[in-house]
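Residue strings, one per chain:
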Amino acid sequence: MITDKKMTRRDFVKTSAAVGAGIGLSHLFPLRAFGQDNGAEYTESGEWKPTTCQGCTSWCSVQAYVVNGRAIKIRGNPNSNVNGEATCPRSHISLQQVYDPDRVKVPMKRTNPKKGRGENPEFVPISWDEALDTIADQILSLRNGGESHKYMLMRGRYSYMRDILYDRMTKIIGSPNNISHSAICAEAEKFGPYYTEGLWDYRQYDVENTRYMLIWGADPLATNRQVSYYMSVWGDVLDRAEVAVVDPRFSVTASKADHWLPILPGADGALATAIAHVILTEGLWYREFVGDFTDGVNRFSVGREVNEDDFEERHTHGLVKWWNIELKNRTPEWAAEITGLPQEQIVQVAWGFANAAPHSMCWVGGGPVMQIRGGYLSMATHALNGLVGAVDNVGGTLAPNKEYSGGFPGPGEYMDEIAEAGVQHEKIDQRGRLEFPAMKKGKPGSAVVTNNAARGILDEDPYDIKVAIGYFNNFAFSCPGSERWERALSKIPFLVHITTNASELSWFSDIILPSGHHMYEKWGFLKSAGHGYTHVTLQQPVNDLVWDVKTDETEIPWLLAKKLEEKGFSNLMEHYREYRDPETGKIPENEQEFALFALKLATRKLWDPQQYAGGDRINGWDDFVQRGVWNSDPYPYRDRWGAMKTKTGNFEFYSETLKAALTAHANKHGTTVDRVMEVCNYQARGEQAFVPHYEEPTAPGDKTEYPFEWVEYKSRLSREGRSANCSWFHEFHDVDPGNVAWEDVATINPQDGEKLGIVSGDTIRISSPSGSIECKANMWEGIRPGTVGKSYGNGHWAYGRMAALEFGKTPRGGNNNVIIPAEYERLSGATVYYNSTNVKVEKVT
Amino acid sequence: MGKRKDKDTQGDKKGLTRRELLLGATGFAVATGAIVHSVSAQTSNRPNLEGKELAMVIDLQRCTGCGACAIACKNENNVQDGVAWAWHETRTTGTFPNVQYEYMPTLCNHCQNAPCVRLCPTKAMHKVAGGITAHTPEKCIGCKSCIAACPYKVITPNKKEPHKFWKSDEQLFAGASDSPKEVVEKVGGDTIPLYNPDREQFLEGSGLRYKGIVEKCTFCDHRVTQGKLPYCVERCPTKARIFGDLNDPNSKVNEILSKYSAKRLREYLGTEPKVFYVREFNPATYRKSKGSV
Amino acid sequence: MEIAIVEHMSYDWRIALYFFLGGLAGGSYLLSVAANYWITGFKPFARTAAYITPVVLAAGLLVLILDLGKPFRAWRLFLTFNAASALSWGVWFLSIFFAISVVYAYFFFMGKEDLLENKKVKLIVYIGIPFAILTASYTAVILIQAPGRALWHSPLLPVLFFNGGLISGVAATILVASIRGGTANIGGLGKLLSWLIIAELGFLLIEFIVLMNGGKEYVRIAKHIATGDWGLLFWPVEIVIGSILPVAVFLFFKKLPAYSIAIASTAALIGVFTMRIIVVLGGQVPTNLF
């Protein structure tokens with residue numbers, strides 16, 4: 001009806017009378033149309049309130065449009081210097097998550113004592129009091145029995161409030177087992193940058209100033225990190241820069257690039273070393289960063305060793321060693337055969353990349369590095385950034401900017417004897433053993449080996465786990481070799497899951513605690529970098545809370561601490577009472593106050609003008625809450641040149657830092673670096689272990705039985721595997737090139753389809769040495785022949801009634817992690833997702 | 001274009017007289033006639049769009065094919081699953097390894113010469129100020145001829161009751177999770193928890209549609225009349241959508257259209273769409289060569 | 001979970017059925033009028049054909065209304081007139097034709113055929129002739145008004161539809177007459193049917209020639225119907241059963257048992273209905289917007 005506002009009251013009466021006169025036309029004149037003042041102009045009925053999206057690890061600062069305590073729309077937070085008003089498609093899907101009817105709204109407990117995939121847990125609702133009471137008893141009985149180390153905390157996605165639950169609570173209870181998800185994230189991606197430039201972190205990519213981007217196994221327009229920001233500028237970036245994408249699958253970014261290099265899975269090392277070879281033999285390196293031959297004459301030529309003294313390096317270390325040990329025979333001809341790419345293309349890309357120096361970059365994503373031999377691929381690809389002087393430079397790869405958020409009070413004085421003894425035990429993930437160097441920041445045994453915790457639990461090695469809590473995680477779905485987790489979780493006598501949805505992990509739990517949604521029902525903060533800034537952005541409870549859910553990282557540990565105190569163990573509560581309101585000094589009295597005070601405490605330097613340290617000037621807490629975000633100072637280019645956190649302070653082509661770390665690990669186990677290489681499935685021996693180098697790709701599954709190589713990728717609508725109960729995820733599934741709406745498909749090249757007798761729409765079974773799944777086939781030219789591609793996110797058999805075909809029983813499509821075997825990049829502890837397995841494909845009839 | 005608009009605004013008046021004549025001729029019940037009369041008396045009026053010729057330019061080089069426009073559209077306009085006001089088509093061409101992928105965002109083209117308006121027997125589909133092709137739900141009899149007439153696949157029927165999912169009272173966990181219906185009761189909203197009340201204007205005062213009628217993009221007339229951009233334009237993370245008035249020589253759309261050779265969908269049909277596409281989804285460079293034989 | 005795929009199919013089989021029934025009614029009316037006034041040899045069929053018209057038309061109207069998303073709003077069709085819309089015109093063609101066909105059949109029903117010779121009555125009956133033609137062919141104009149559908153956008157379509165209407169009108173009359181038994185000169189009607197079908201095949205051939213020599217969308221739809229999914233319906237049903245079979249039966253056999261007449265006329269009806277199905281549904285094969 002068109003303009004109600006034009007309707008006069010008389011018209012209304014007249015029309016109503018006419019309606020009354022007959023003809024059932026109730027739809028025509030719904031009463032609410034006249035509820036408003038007919039003369040009034042339409043105005044927006046809600047207001048925009050800031051929070052943060054965690055649909056991926058971009059952590060965009062966003063604003064939610066809230067109408068009467070009900071968030072209904074999302075946009076980027078214009079106050080953020082990182083993503084600004086841009087926000088990617090998956091941010092909107094969060095709205096379907098928070099109002100998902102299948103969310104758990106009150107605590108539940110299991111009534112079927114038998115655990116297993118086929119056992120219905122028979123969950124029944126219980127009170128928070130009963131739930132917390134049971135959990136507290138379980139924890140105390142462990143402590144009383146001197147087994148506090150048999151408590152485990154599993155962390156998935158998190159905010160920076162995490163340490164309250166993840167670190168402090170675990171330590172004060174007395175367990176070493178706070179197991180994070182980091183190793184199923186992308187730790188190997190940090191490996192290369194750390195052992196070359198001393199940066200254990202994800203990089204920012206200065207795309208607006210670059211002239212050449214060589215992207216390795218990353219799909220920044222679809223997934224991770226700063227998707228919103230990169231999307232917002234890509235159209236302009238293409239005007240200025242040439243873009244080459246290395247990926248066996250035609251990714252979103254490949255569709256918006258100049259060159260696609262559909263490399264054979266795992267062969268990235270050959271391509272990277274060949275590009276380095278071309279850069280050196282052709283004299284294309286960036287001399288202001290790398291230095292030059294003392295007499296200016298290039299001595300790098302195929303097969304010839306060079307005298308180290310002839311080259312004078314500036315901000316790098318070990319270039320000539322690298323050449324002599326690795327690069328001198330890594331010709332494009334050699335690489336062409338290994339990579340499956342034409343030699344001319346390799347040379348062309350090498351020239352294009354180097355010619356744009358220093359405003360060129362290698363963008364290294366998870367693809368080439370989350371592989372069995374990915375550690376050195378991470379180094380080899382990242383080392384190219386050193387050759388062209390892209391590191392820390394305009395148009396290159398940047399570190400995160402400095403930010404000033406703080407931590408929480410230390411646990412030390414609240415750890416009693418039991419706790420002190422408990423934390424001394426070996427961790428359940430077996431990190432630090434000879435075969436798991438897991439060397440975060442150069443320290444052997446310092447990185448989590450998330451996916452190996454399942455083995456630790458199953459083998460009771462080093463011991464059994466008796467009580468475990470998981471939050472914001474779903475290892476039974478998200479970890480490769482997921483079937484191992486199903487068995488491991490079934491084995492834990494008492495398992496608690498803090499979650500929004502009853503997921504696969506919940507299926508094995510004894511108690512489910514319903515958690516608030518991270519974007520709409522939680523206080524927290526996140527920090528991330530992009531666009532030359534770091535922002536620290538708040539998560540706020542913008543919605544009126546209508547369910548009996550609690551915040552995972554703050555309210556639940558507080559309530560648990562209270563229970564423990566009631567039962568005679570008050571250390572945790574005493575520790576938490578230290579989290580006072582920085583403005584008033586008030587001690588928190590309830591879980592809501594605790595959550596808020598803890599947040600104010602951790603972010604104080606950002607909002608308290610008295611403690612201003614840098615970046616945005618924010619005028620007090622209320623101002624911060626209103627803005628929702630703090631931005632750092634702009635990026636200080638080239639500050640780290642000559643001051644990198646490596647052993648030499650320079651960019652290391654010959655990694656003294658890695659040499660020290662590997663030697664320390666070998667010494668700890670009384671063996672040699674060569675032996676460490678061997679048990680970690682690396683081929684390098686001798687000096688080769690300290691330089692970026694090529695390793696032959698390897699993946700489980702005999703090629704005669706499993707002839708195809710598996711190519712996993714992430715959907716641009718998958719909120720880290722949590723979108724499957726949202727209709728928009730399915731309805732728009734085809735925005736991922738090769739995918740089909742409302743289907744879970746594997747993409748197969750038509751050449752292969754013809755050989756297999758499979759056509760689009762066929763149901764197929766994909767099998768690997770670790771398991772098999774069923775899904776639909778889609779014939780697609782964008783996937784390399786000999787490989788099979790599929791995006792992650794479908795294949796839930798729990799989580800909700802849309803996510804699963806039949807909740808608790810039948811998955812919708814297939815979960816990639818069923819067929820990806822549990823393998824590791826052992827130097828970083830990272831789990832293998834790419835070049836992860838060989839598979840066979842059969843038509844299901 | 002100005003002429004066209006004049007005709008549009010007068011069109012309703014003319015229709016009215018003809019209708020009145022027909023009323024006499026057919027001798028239908030006076031009460032029925034009164035309803036129709038009163039309905040048509042409130043002809044769609046968007047005074048602040050008078051004299052405007054609204055248009056959208058989609059810059060395909062900026063577009064990354066993410067679908068945010070279409071998702072945001074559903075969000076803004078309370079559009080149910082299986083119906084789309086804004087949509088997309090994709091295409092993969094070439095043979096490995098020389099492959100191209102393209103994404104084409106689509107929406108109602110608000111054709112100057114709209115086949116849907118021509119064919120609609122009840123004038124539910126009609127042109128209003130600003131050049132918007134508007135649809136009046138209450139006039140729609142659901143004959144679907146507009147869908148047949150539209151060459152762009154941007155009008156969708158409501159074959160089933162919309163948002164029926166949200167009326168279900170089945171819980172996943174008895175007593176521990178809510179039925180869809182309970183969610184709406186607790187959260188608020190209308191039929192759906194994400195109900196956007198701002199959409200009530202111009203659509204019978206309800207932000208929702210119902211079974212039997214068709215629906216389509218309205219260029220976010222409820223926003224545009226308030227001086228706000230269409231929601232898909234606002235939410236496009238790549239700023240690929242540019243909106244404005246073709247009658248304003250200095251508008252951004254005219255600036256862009258003067259720079260690029262714009263393409264419109266199936267232009268040869270003579271529908272004169274108001275959605276223009278500029279640049280290429282993939283503007284890739286290539287290595288110079290004359291090729292070979 | 002309900003899978004809700006976004007689709008844009010508008011007209012389904014019900015519309016095809018309505019198109020078929022509308023054409024049939026027009027055809028049977030024309031046959032009846034011709035038999036009654038002009039072709040004495042067919043005179044015995046005038047009554048049968050006259051009855052068929054309003055019955056079939058009423059069924060068609062019912063189908064049409066039931067196809068509406070909002071059938072109870074059908075009255076709006078009479079209160080709004082869109083001069084640009086064939087649909088809007090059609091409502092009136094249909095209504096007037098229906099009224100006349102009822103009046104016409106009424107005289108037969110009451111056994112007052114004599115009155116049909118009355119000048120005023122005759123005028124009304126003759127006025128019915130253009131409305132019969134319009135009813136049988138305007139439906140094609142509805143399709144023509146969809147510029148983006150290559151199969152529909154053809155000036156020959158109204159001719160095809162009208163001729164198809166004649167075929168079905170004659171075939172239906174033969175069928176009913178054969179069931180009621182022993183009507184003389186059914187063979188003459190059969191010959192008429194055969195020549196009409198042959199004409200239809202000729203029009204179809206021209207249509208295909210036009211399509212095959214058109215733009216890519218035209219070629220695509222022609223191939224889709226001749227060799228694609230619709231070919232399974234087009235060749236065996238529309239061509240073999242619906243056209244060749246009745247022509248063969250009526251043109252080449254002198255002495256025919258009643259059942260074969262019934263079968264052949266039914267086959268012709270099936271042929272015309274299949275043609276409507278193929279045009280309406282096949283014509284909606286989505287076109288790539290690139």
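These numbers come from a predicted model, not from an experiment.

Looking at the overall build of chain C
Helix and strand content of chain C: 10 helices and 0 strands. Along chain C, helices (α) and strands (β) appear in the sequence α-α-α-α-α-α-α-α-α-α when read from the amino end. In terms of C-alpha radius of gyration, chain C reaches 20 Å, essentially the compact-globule figure of 19 Å for 290 residues. When the backbone C-alpha atoms are referred to their principal axes, chain C occupies close to 65 × 50 × 40 Å.

Focus on the sheet that holds strand β20 (residues 524-530) of chain A
Residue and element names in this part refer to chain A. Read across the open sheet, the 3 strands follow the order β20-β21-β22; overall the sheet is antiparallel. Taken across any chain shown, the strands that pair with only one partner, and hence form the sheet edges, are β20 and β22 (629-631). On average, adjacent strands in this sheet sit at an angle of 15 degrees to one another, irrespective of strand direction. Strand direction decides the pairing type here: β20 and strand β21 (residues 533-539), joined by 7 bridges, are antiparallel. Residue pairing for β21: Gly530 is matched across the bridge by Tyr533.

Notes on the interface of chain C and chain A
With 4 residues of chain C in contact, the opposing surface of chain A contributes 5 residues. Broken down by class, the residue content of the side of chain C that touches chain A amounts to 4 nonpolar, no polar and no charged.

Describing the sheet that holds strand β28 (residues 787-792) of chain A
Residues and elements named next belong to chain A. Read around the closed barrel, the 6 strands follow the order β24-β28-β25-β27-β26-β33; overall the barrel is mixed. Taken pair by pair, the neighbouring strands of this sheet meet at an average axis angle of 45 degrees, ignoring direction. Note: strand β25 (residues 745-748) against β28, 3 bridges, orientation antiparallel. Looking at β28, one finds that Ile748 is bridged to Val788.

Thoughts on the interface of chain B and chain A
Facing 68 residues of chain B, the contacting portion of chain A comprises 79 residues. Those elements that provide at least two residues to the side of chain B that touches chain A are α2 (30-41), α3 (68-77), β2 (87-95), β3 (98-106) and α6 (180-187) of chain B. Across the side of chain B that touches chain A, the residue classes break down as 27 nonpolar, 30 polar and 11 charged.

Notes on the nonpolar core
Formed by 429 residues in total, the largest nonpolar core has its most connected members in Leu271(A), Ile275(A) and Leu193(C). Once residues lying within four places of it in the same chain are set aside, the contact partners of Leu271(A) are Val246(A), Ile263(A), Ala335(A), Thr339(A), Leu341(A) and Ile346(A).

Some remarks on helix α6 (residues 187-197) of chain A
Residue and element names in this part refer to chain A. Of all the 11 residues making up α6, 11 are buried; the element is thus mostly covered by neighbouring parts of the structure. Listed as buried for α6 are Glu187, Ala188, Glu189, Lys190, Phe191, Gly192, Pro193, Tyr194, Tyr195, Thr196 and Glu197. Gly198 sits one or two positions beyond α6 and adopts a positive phi of about 70 degrees.

Some remarks on the environment of Ile758(A)
Residue and element names in this part refer to chain A. Relative to the helices and strands, Ile758 resides in the loop between α27 (750-756) and β26 (763-768). Considered as a pair, Ile758 and Ala777 are 19 residues apart in the sequence and their alpha carbons are 7.5 Å apart. Apart from residues no more than four positions distant in its own chain, Ile758 is found in contact with Ile748, Gly753, Ile764, Ala777 and Lys843.

Overview of the confidence of the model for chain B
The predicted model of chain B averages 87 in pLDDT, with 85% of residues at 70 or higher. Within the model, pLDDT remains below 50 along residues 1-43 of chain B, and this stretch shows 45 contacts once partners closer than five positions in the same chain are excluded.

Some thoughts on the environment of Tyr205(A)
All names here are of chain A. Here Tyr205 lies in strand β8 (residues 204-205). When the 28 C-beta atoms within 10 Å are taken as the criterion, Tyr205 is described as buried. Along the backbone, Tyr205 and Ala529 are 324 residues apart, and their C-alpha atoms lie at a distance of 9.6 Å. Aside from chain neighbours lying at most four places away, what touches Tyr205 is Met361, Trp363 and Thr397.

Focus on the pairing of strand β1 (residues 54-59) of chain B
Residues and elements named next belong to chain B. Buried residues dominate β1, accounting for 6 of its 6 residues. Of the two faces of β1, the one lined by Leu54, Met56 and Ile58 and the one lined by Ala55, Val57 and Asp59 are each fully buried. Here β1 pairs with strand β8 (residues 241-245) via 5 bridges, running antiparallel. Paired with Ile58 across the two strands is Arg241, which belongs to β8. Bridging between β1 and strand β9 (residues 275-278) involves 4 bridges; their strand directions are parallel. Considered in β9, the bridge of Met56 is made with Val275.

A closer look at the packing of helix α5 (residues 119-144) of chain C against helix α6 (residues 157-180) of chain C
All names here are of chain C. As a packed pair, α5 and α6 sit with axes 8 Å apart at the nearest point and diverge in direction by 145 degrees. Seen from above, α5 lies across α6 with right-handed handedness. In contact with Ile133, Ala136, Ser137, Thr139, Ala140, Val141, Leu143 and Ile144 of α5, α6 contributes Leu157, Pro158, Phe161, Phe162 and Gly165. Per-class residue counts for the contact of α5 with α6 are 10 nonpolar, 3 polar and no charged.

Reading guide: rules and limits
Residues numbered from 1 in each chain as written. Chains lettered and ligands numbered in written order. Predicted model: local features only at pLDDT ≥ 70, side-chain atom pairs only at ≥ 80, totals over all residues. Helix = DSSP H or I, 4+ residues; strand = E, 2+ residues; numbered from the N terminus. Rg over C-alpha atoms; globule rule 2.2 N^0.38 Å. Pairing = 2+ DSSP bridges. Axes fitted to C-alpha atoms, helices over the stretch in contact; angles between N-to-C directions. Contact = placed C-beta atoms within 7 Å. Nonpolar A, V, L, I, M, F, W, Y, C, P; charged D, E, K, R; others polar. Core = buried A, V, L, I, M, F, W, Y, C linked by C-beta atoms within 7 Å. Buried ≥ 20, exposed ≤ 12 C-beta atoms within 10 Å, placed from the backbone. pLDDT = per-residue confidence, 0-100. Left-handed = near helix turned anticlockwise from the far one by under 90°.

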